[in-house]
Amino acid sequence: MASARPACGSVCRECGAIYTASDLAQEFCRPACRVAWNNRARLRGAKLYEAVMTWRVLRQPGGFAAVTALVSAFLDEDRTAGRRWRPRTYDPKTGRRTRRK
């Protein structure tokens, strides 16, 4: 897996490939990586939505633990696939990338 921010270019959020970004907002090396990332995010969001709603409506003991276990499973899946989660740095309100502190 590539480092977070190499001097020679950007790192694709999906496959970890190093590429030269043509735009400050570009986060993926190719459209297929962007599509794969967004499809996985939608699927995970649906699973997380169900877990959070169940936790909130039923208020059963251990509900929040189930939500955090689901997120941990997502992170483990990403590590196994060689993806490293990091917050998006592009701010659509300003049209700029923000630097992580």
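Residues numbered from 1 in each chain as written. Predicted model: local features only at pLDDT ≥ 70, side-chain atom pairs only at ≥ 80, totals over all residues. Heavy atoms only, no water.

**Structural notes on helix 2 (residues 63-81)**
- Its 19 residues give helix 2 an end-to-end C-alpha distance of 28 Å, which sits within 8% of 27 Å, the value for a rise of 1.5 Å per residue.
- Here helix 2 has its buried residues at Gly 63, Val 67, Phe 74 and Asp 78. Projected down its long axis, helix 2 carries its buried residues within an arc of 80°, all on one side. Within helix 2, the exposed residues directed more than 90 degrees away from the buried face are Arg 79 and Thr 80.
- On its buried side, helix 2 packs onto helix 1 (31-58).
- Positive backbone phi, at 85°, marks Gly 82, one or two positions downstream of helix 2. (Helix = DSSP H or I, 4+ residues; strand = E, 2+ residues; numbered from the N terminus. Expected span 1.5 Å × (residues − 1). Buried < 20%, exposed > 50% of the residue type's maximum accessible area, 1.4 Å probe, protein only. Arc of directions from axis to C-beta. Contact = heavy atoms within 4.5 Å.)

**Focus: the side chain of Glu 14**
- The topology assignment puts Glu 14 in the loop between strand 1 (10-11) and strand 2 (18-19).
- Within the local environment of Glu 14, its side chain forms a polar contact with the side chain of Arg 40, the two groups lying 2.4 Å apart.
- In this structure Glu 14 touches Phe 28, Cys 33, Ala 36, Trp 37, Arg 40 and Arg 83, once residues within four positions along its chain are discounted. (Polar contact = N/O pair within 3.5 Å; in protein donor to acceptor, adjacent residues only side chain to side chain.)

**Some thoughts on the packing of helix 1 against helix 2**
- At a minimum axis distance of 8 Å, the contact between helix 1 and helix 2 shows a crossing angle of 165°. Compared by their axis directions, helix 1 and helix 2 come out roughly antiparallel. Judged by the twist between their axes, the crossing of helix 1 over helix 2 is right-handed. Packed against helix 1, whose contacting residues are Arg 40, Arg 44, Lys 47, Leu 48, Ala 51, Val 52 and Trp 55, the element helix 2 presents Gly 63, Phe 64, Val 67, Leu 70, Val 71, Phe 74, Glu 77 and Asp 78 at the interface.
- Split by residue class, the contact of helix 1 with helix 2 holds nine nonpolar, one polar and five charged. (Axes fitted to C-alpha atoms, helices over the stretch in contact; angles between N-to-C directions. Parallel < 35°, antiparallel > 145°, perpendicular 65-115°, else oblique. Left-handed = near helix turned anticlockwise from the far one by under 90°. Nonpolar A, V, L, I, M, F, W, Y, C, P; charged D, E, K, R; others polar.)

**Some thoughts on the pattern of salt bridges**
- Scanning all chains against the criterion turns up nine salt bridges.
- Between Glu 27 and Arg 13 there is a salt bridge, with the nearest N and O atoms lying 3.3 Å from each other. Of this pair, Glu 27 sits in the loop between strand 2 and helix 1 while Arg 13 sits in the loop between strand 1 and strand 2, and the two are 14 residues apart along the sequence. Arg 13 carries the same exposure label as Glu 27, and that label is buried.
- With its nearest N and O atoms 3.0 Å apart, the salt bridge here joins Asp 78 to Arg 83.
- Taking relative accessible area as the criterion, Arg 83 reaches 11% and is therefore assigned buried. (Salt bridge = Lys/Arg side-chain N within 4 Å of Asp/Glu carboxyl O.)

**Description of the packing of aromatic side chains**
- Applying the stated rule across the entire model yields two aromatic pairs.
- Taking 5.9 Å as the distance between ring centres and 50° as the angle between the ring planes, the aromatic pair formed by Phe 28 and Trp 37 counts as tilted. Taken as a pair, Phe 28 and Trp 37 share a single burial class, namely buried.
- Between Trp 55 and Phe 64 the ring centres are 5.2 Å apart and the planes differ by 50°, which places this aromatic pair in the tilted class.
- Residue classification places Phe 64 among the partly exposed residues on the basis of a relative accessible area of 47%. (Phe/Tyr/Trp six-rings, centres within 6.5 Å; stacked < 30°, edge-to-face > 60°.)

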